[in-house]
Amino acid sequence: MDEKNPTTELSVPNIEAVGSHLQVQDHEINLQAIISNPLSIGEVATTLTESQKWFVLKRLHFDALVSLDELPPQASFIFEKIEQMTTEEAVEILEKNIEEHETDVNIPENDLVLWKELVENSHKFTKVQLQEKLGSNSSSSVEGEKTADVEKGHEIVDWDLQVRLEAVLVAYWSPYPEVRAVTFPYDDPTIPAETFRVYLIAIIWTAIGAVINQFFVERQPAITLAMSVVQVFLYPSGLLCEWILPKWKFKIWKLSIDLNP
């Protein structure tokens, strides 16, 4: 396996690179800094060709972007991690992932087959050119079932790129497409998670739910306040607290508490 420095300087600032996807710092970014200064497709993954970048965007379902001058933070993050990862590390990640999800019915069959082919044919496809498969115009649509599989990333056309892409999706995001659709592959440690608002809202709704459920427990049929219903009200409750609570900070011993961060 190629040796990597403990820290790697990437072309995109504010994205940590500590040398291993197993370290928390390797998943962290400064989201506000990236959003305030969005990057174009030409500014990320400078070692990849235009066709390879289009292939990655198609795999991430970002190929319908109106403009490539301002990439989503998810795409910028994935591009940089692809450049950072070695093929040896990628194969190792996929091997472990295949072993873990071999009988997982929630993993799409096409993805599992692709991972196995990437691992088993680690040298067979290294010289196949992506440009030859997708055509000279990477953004053009070509009819045919086989071409559709290529564009979706389920046929090996560029082993070096695809093995790193699939490994990055697994290691930094999720092997489940449904999870990737509703989450981000990175973490911004500057965003407060355990706040006073969290405890305040949790206590209030726990009390409301307990009172309603206990009061109507004897009624037939009983009236209950389900957790799924409470979850619907949590977000507007948070916005209400943000509007009502004062911007005060106070200290309890060494702990600094912000009422409304």
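Conventions and cut-offs
- Residues numbered from 1 in each chain as written.
- Predicted model: local features only at pLDDT ≥ 70, side-chain atom pairs only at ≥ 80, totals over all residues.
- Heavy atoms only, no water.
- UniProt positions renumbered as here; feature names shortened; annotations may be inferred.
- Helix = DSSP H or I, 4+ residues; strand = E, 2+ residues; numbered from the N terminus.
- Buried < 20%, exposed > 50% of the residue type's maximum accessible area, 1.4 Å probe, protein only.
- Areas by Shrake-Rupley, 256 points an atom, 1.4 Å probe, with all protein chains shown as cover.
- Expected span 1.5 Å × (residues − 1).
- Contact = heavy atoms within 4.5 Å.
- Phe/Tyr/Trp six-rings, centres within 6.5 Å; stacked < 30°, edge-to-face > 60°.
- Core = buried A, V, L, I, M, F, W, Y, C linked by side-chain atoms within 4.5 Å.
- Salt bridge = Lys/Arg side-chain N within 4 Å of Asp/Glu carboxyl O.
- Axes fitted to C-alpha atoms, helices over the stretch in contact; angles between N-to-C directions.
- Parallel < 35°, antiparallel > 145°, perpendicular 65-115°, else oblique.
- Left-handed = near helix turned anticlockwise from the far one by under 90°.
- Nonpolar A, V, L, I, M, F, W, Y, C, P; charged D, E, K, R; others polar.

Database annotation for the protein, UniProt heading Sequence similarities (unreviewed entry): "Belongs to the oligopeptide OPT transporter family." We quote the UniProt Subcellular location (unreviewed entry) comment for the protein here in full: "Membrane".

Enquirer: How should the overall build of the protein be read in this particular structure?
Expert: Helix and strand content of the protein: 11 helices and 2 strands. Ordering the α and β elements of the protein from the N terminus gives α-α-α-α-α-α-α-α-α-α-α-β-β. Burial status across the protein gives 42% buried among its 261 residues. Carbon and sulfur atoms provide 56% of the accessible area of the protein, an area that totals close to 16,000 Å².

Enquirer: When you look at helix H4 (residues 87–101) in this model, what are you seeing that I'm missing?
Expert: In an α-helix there are 3.6 residues to a turn, and that puts residues three or four apart on one side. With 15 residues, H4 should reach 21 Å at 1.5 Å per residue; the first-to-last C-alpha distance of 21 Å fits that figure. Buried residues belonging to H4 abut helix H5 (109–120) and helix H8 (159–173).

Enquirer: Honestly, the environment of Pro185 in this entry has me stumped. Any pointers?
Expert: Along the polypeptide, Pro185 turns up in the loop between helix H9 (177–182) and helix H10 (196–215). For Pro185, a relative accessible area of 2% puts it in the buried group. Taking the C-alpha atoms as reference, Pro185 lies 6.5 Å from Gln74; in sequence the two are 111 residues apart.

Enquirer: Can you help me understand H8 in this one?
Expert: With 15 residues, H8 extends 20 Å from end C-alpha to end C-alpha; this agrees with the ideal 21 Å at 1.5 Å per step. Counting buried positions along H8 yields 14 of 15 residues, so the element is predominantly enclosed.

Enquirer: What's the story with the packing of aromatic side chains in this structure? I'm lost.
Expert: Within a pair of aromatic rings, the relevant descriptors are the distance that separates the centres and the angle that separates the planes. Under the counting rule described, the total for this entry stands at 5 aromatic pairs. Note on Phe77 and Tyr186: the rings are 5.8 Å apart at their centroids and 65° apart in plane angle, and the pair reads as edge-to-face. Taken together, the residues span a long stretch of sequence, with Phe77 in helix H3 (residues 73–84) and Tyr186 in the loop between H9 and H10 at a distance of 109 residues. Look at Phe77 and you get buried, because its relative accessible area is 0%. Assessed through its relative accessible area of 11%, Tyr186 is described here as buried. Ring geometry for Trp205 versus Phe233: centroids 5.4 Å apart, planes at 20°, classification stacked.

Enquirer: Help me understand the nonpolar core, please; the structure alone is not making it clear to me.
Expert: One recurring pattern in soluble globular proteins is that nonpolar side chains are buried together. Residues Val56, Ile78, Phe79 and Ile82 are the most contacted members of the largest nonpolar core, which totals 42 residues. For this core, the secondary structure elements donating two or more residues are helix H2 (50–59), H3, H4, H5 and H8. Ile82 has contacts with Leu48, Val56, Leu161, Arg164, Leu165 and Val168, leaving out every residue within four places of it along the chain. Formed by 6 residues, the second largest nonpolar core is a distinct cluster that contains Ile201, Leu225, Val230 and Cys241.

Enquirer: Could you clarify how one ought to interpret the side chain of Asn260 in this entry?
Expert: With respect to the element layout, Asn260 can be found in the segment after strand S2 (255–258). Residue contacts for Asn260: discarding those within four places in its chain leaves Arg197, Cys241, Glu242, Leu245, Pro246, Lys247 and Trp248.

Enquirer: Explain the UniProt feature "transmembrane region" (unreviewed entry) in the protein here, please?
Expert: Under the local residue numbering, the UniProt record ascribes the feature "transmembrane region" (unreviewed entry) to residues 198–216 and 222–245. Across residues 198–216 one finds 95% helix and 0% strand; the C-alpha atoms that close the span lie 27 Å apart. Helix makes up 75% of residues 222–245 and strand 0%. Its end C-alpha atoms lie 35 Å apart.

Enquirer: Before we go on, may I ask you to explain the pattern of salt bridges in this structure?
Expert: A side chain with one charge can pair with a side chain of the opposite charge if their charged atoms come near. A complete count under the given rule lists 5 salt bridges for this structure. Glu102 is the partner of Lys116 in a salt bridge, and the nearest nitrogen-oxygen pair spans 2.8 Å. Of this pair, Lys116 sits in helix H5 while Glu102 sits in the loop between H4 and H5; the two residues are 14 residues apart in sequence, bridging distant segments of the chain. For the salt bridge of Arg164 with Asp160, the shortest nitrogen-to-oxygen distance reads 2.8 Å. Linking Arg164 with Asp160, this pair stays in helix H8, spanning 4 residues, or about one helical turn. Each of Arg59, Asp111 and Glu166 takes part in a single network of salt bridges with overlapping partners.

Enquirer: Even after reading the chapter, I still don't get the packing of H5 against H8, so can you show me in this structure?
Expert: For any two helices packed against each other, one specifies the crossing angle of their axes together with the interaxial distance. At their nearest, the axes of H5 and H8 sit 10 Å apart, and the two run at 130° to each other. Accordingly, the angle class assigned to the pair H5 and H8 is oblique. Viewed along their axes, H5 and H8 form a crossing whose handedness is left-handed. Between H5 and H8, the contacting residues are Leu114, Trp115 and Leu118 on the first element and Trp159, Gln162, Val163, Glu166 and Val170 on the second. Grouping the constituent residues of the contact of H5 with H8 by class yields 6 nonpolar, 1 polar and 1 charged.

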